[in-house]
Amino acid sequence: MPRPLDGIKVIDFTQVMLGPSCTQALGDFGADVIKVERPGRGDLSREGVLKHTGSDNPVFLALNRNKRGIALDLTTDAGREVAYDLLRTADVVVSNFRPGVMQRLGLDYETVSQINPRIIWASGSGFGATGPYAHKGGQDILGQAYSGVMRRKADPLHPTAIYATPIADYTAGQHLVQGILLALLQRHQTGKGQKVEVSLYDSMLAMQMQEATTRLMYDQELNWALMPLSGCFPTQDSEIVIVGAFKENPLGDICAALGLPDYSREERFSTLDRLKENRAEIRAIIAERLLDDTSAHWLAALEQHDVLCGPVKSLAEALADPQTAHNNMIIEFTDAAGEVVKTIASPITMSAVTKEVRHTPPRLGEHSRELLAELGYDDARIDGLVQSGAVR
């Protein structure tokens with residue numbers, strides 16, 4: 001069965017997470033992704049921040065399946081010429097360098113589109129290619145901070161903190177996928193390529209579209225985590241989360257499930273506005289009651305009354321959850337070094353497409369000779385490029 005992006009060639013100049021998460025998503029659905037790295041060091045995510053026994057950093061392994069790899073020294077004329085030859089045969093080129101780097105390398109949109117007018121030139125950055133912050137390095141934590149995401153809290157008394165998962169990188173990476181697919185559809189209509197750009201900053205603002213619209217129109221704060229009957233609560237043995245909303249009388253149902261008096265009949269808790277005014281009091285009542293029994297007991301009772309609820313799990317617990325296995329969200333393969341890799345699969349399920357690993361994450365320069373041969377280079381020319389250091 002053909003895959004949606006079979007026949008689409010992507011030249012991947014990305015590193016770390018924003019760009020690699022984008023190109024891996026394209027590769028998962030059939031694109032021929034050619035990862036271009038600098039000789040010697042390669043993608044920064046090859047360097048681990050945690051101790052591990054394998055040959056490659058798990059961060060790199062998580063983001064670079066279904067790609068082939070070539071190592072090019074783009075500071076040399078010979079290395080750039082190879083890059084130009086790759087781009088002549090490509091549909092998409094993706095990068096996430098700081099604005100100006102691709103131009104200094106001679107790989108900016110104006111140059112590349114002259115070589116290949118059908119190319120989709122896609123770029124992810126921290127703040128955009130122009131503007132007051134364009135010069136700043138893009139990084140997930142900065143995206144959280146500048147966009148206001150970091151200051152959003154479930155409780156105003158909580159200290160400001162970094163969100164522990166790189167939500168800006170992943171969100172911007174998937175926005176870049178959307179832009180590339182839209183540009184490919186438009187090229188099918190017009191025959192012409194175009195430039196596609198996203199930034200961490202814009203992606204984080206877009207994530208807050210409901211809250212931002214409320215602020216812009218009414219200068220009010222919208223914070224779903226501050227809904228009076230929603231939150232995380234400890235039990236005798238762990239924690240559960242309750243979403244006390246989307247029902248005619250959620251407090252009445254919560255009270256029935258917990259064996260409490262129906263506090264919704266009391267004036268102080270009778271409306272949403274009164275609940276907001278007395279949020280601390282009603283939450284204290286619920287919290288005290290939940291300490292009387294286990295999470296399993298309370299979840300069963302709440303679900304019996306159709307109250308939205310669930311356990312607050314660790315990542316390890318979520319990975320071991322039977323729903324994770326049922327959804328085929330963990331894939332396993334053996335990499336080039338013979339190490340068994342377990343990682344997260346694409347979250348997209350299509351009835352006519354099978355999730356599979358066609359290419360394991362490449363060793364640095366693993367496919368250099370193969371790719372040069374596909375461009376028509378003979379053995380003598382390839383040997384010369386390798387000996388000169390332009391290719392590894």
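See above for the structure.
Quantities reported herein were computed from a predicted structural model and do not represent experimental measurements.

S.K.: Hey, could you run me through the overall build of the protein chain in this one?
M.R.: What the protein chain contains, in helices and strands, is 17 helices and 11 strands. Expressed as lengths along the three principal axes of its C-alpha atoms, the size of the protein chain is roughly 85 × 50 × 40 Å. Taken across its 392 residues, the protein chain has 45% of its residues classed as buried. Intrachain contacts of the protein chain at a sequence separation of at least 6 include 69% that bridge at least 24 residues. Looking at the protein chain, you have 39 positive and 50 negative side-chain charges, and the mean spots of the two groups are 5 Å apart.

S.K.: Before we go on, may I ask you to explain the sheet that holds strand β7 (residues 231-234) in this structure?
M.R.: Strands pair in a sheet through their backbones, by hydrogen bonds, and they do so in one of two ways: parallel or antiparallel. With antiparallel pairing, 3 strands are arranged side by side in an open sheet as β7-β8-β9. Looking at the sheet topology across the chains shown, the edges are occupied by β7 and β9 (308-311). Adjacent strand axes in the sheet meet at a mean angle of 25° when their direction is disregarded. Sheet strands in contact with helix α12 (residues 279-290) are β7 and β8 (239-243), and its direction is about 40° off that of β7. The strands that helix α13 (residues 295-304) touches are β8 and β9; relative to β8, the one it contacts most, it runs at about 15°.

S.K.: What exactly am I supposed to notice about the sheet that holds strand β3 (residues 67-71) here?
M.R.: An order of β3-β2-β1-β4-β5-β6 is seen for the 6 strands of this open sheet, with the pairing classed as parallel. The open sheet terminates on both sides in strands that have one partner only, identified here as β3 and β6 (194-199). Direction aside, the axes of adjacent strands within the sheet are offset by 20° on average. Against the sheet, helix α3 (residues 77-88) makes contact with β1 (9-13), β2 (32-37), β3 and β4 (92-95), and its axis sits at roughly 150° relative to β1, the strand it touches most.

S.K.: Would you explain the packing of helix α7 (residues 167-190) against helix α8 (residues 200-207) in this entry?
M.R.: For any two helices packed against each other, the geometry comes down to the angle between their axes and how far apart the axes lie. Taken N-terminus to C-terminus, the directions of α7 and α8 make an angle of 95°; their axes are 8 Å apart at the nearest point. Judged by the angle between their axes, α7 and α8 are roughly perpendicular. Facing I167, A168, D169, T171, A172 and H175 of α7, the residues of α8 in contact are L200, S203, M204, A206 and M207. Residue classes in the contact of α7 with α8 are distributed as 7 nonpolar, 3 polar and 1 charged.

S.K.: Teacher, can you tell me more about the pattern of salt bridges here?
M.R.: Oppositely charged side chains are able to pair whenever their charged atoms sit close together. The final tally for this structure, using the stated rule, is 28 salt bridges. Notably, a salt bridge pairs R68 with E370, separated by 2.6 Å at the nearest N-O pair. You can see R68 sitting in strand β3 and its partner E370 sitting in helix α16 (residues 368-374), a full 302 residues away along the chain. Between R187 and D91 there is a salt bridge, with the nearest N and O atoms lying 2.9 Å from each other. Within this pair, whereas R187 is found in helix α7, its partner D91 is found in the loop between α3 and β4, the two being separated by 96 residues in sequence. Overall, D91 belongs to the buried group, its relative accessible area being 12%. Connected through salt bridges with shared partners, the residues R152, E211, R215, D219 and E221 form a single ionic network.

S.K.: Any chance you could explain the packing of aromatic side chains here in plain terms?
M.R.: Aromatic ring pairs are defined here through the distance separating the ring centres and the angle between the ring planes. The final tally for this structure, using the stated rule, is 6 aromatic pairs. On the basis of an interplanar angle of 65° and a centroid distance of 5.5 Å, the ring pair of F127 and Y133 is categorised as edge-to-face. Exposure remark for Y133: the relative accessible area of 35% places this residue in the partly exposed category. A ring pair is formed by Y263 and F269, whose centres lie 6.1 Å apart and whose planes are at 85°; its orientation type is edge-to-face. This pair shows no difference in class: Y263 is buried, exactly as F269 is. Each member of the aromatic cluster is reached from another via a ring pair, and the members are F127, Y133, Y146 and Y201. If you follow K195 out to its NZ or CZ, it ends over the ring of W121, 5.8 Å from the centre.

S.K.: It is not clear to me how a nonpolar patch on the surface should be interpreted in this structure. Could you clarify?
M.R.: A surface patch of nonpolar side chains, about 350 Å² in accessible area, is lined by L315, L319, I330 and I344. By the element assignment, L319 lies in helix α14 (residues 315-319).

Procedures and definitions
Residues numbered from 1 in each chain as written. Predicted model: local features only at pLDDT ≥ 70, side-chain atom pairs only at ≥ 80, totals over all residues. Heavy atoms only, no water. Helix = DSSP H or I, 4+ residues; strand = E, 2+ residues; numbered from the N terminus. Buried < 20%, exposed > 50% of the residue type's maximum accessible area, 1.4 Å probe, protein only. Contact = heavy atoms within 4.5 Å. Lys, Arg positive; Asp, Glu negative; His and termini not counted. Charge placed at Lys NZ, Arg CZ, Asp CG, Glu CD. Pairing = 2+ DSSP bridges. Axes fitted to C-alpha atoms, helices over the stretch in contact; angles between N-to-C directions. Parallel < 35°, antiparallel > 145°, perpendicular 65-115°, else oblique. Nonpolar A, V, L, I, M, F, W, Y, C, P; charged D, E, K, R; others polar. Salt bridge = Lys/Arg side-chain N within 4 Å of Asp/Glu carboxyl O. Phe/Tyr/Trp six-rings, centres within 6.5 Å; stacked < 30°, edge-to-face > 60°. Lys NZ or Arg CZ within 6 Å of the ring centre and 35° of its normal. Patch = residues over 30% accessible without salt bridge, like charges linked within 9 Å, V, L, I, M, F, W, Y side chains within 5 Å. Areas by Shrake-Rupley, 256 points an atom, 1.4 Å probe, with all protein chains shown as cover.

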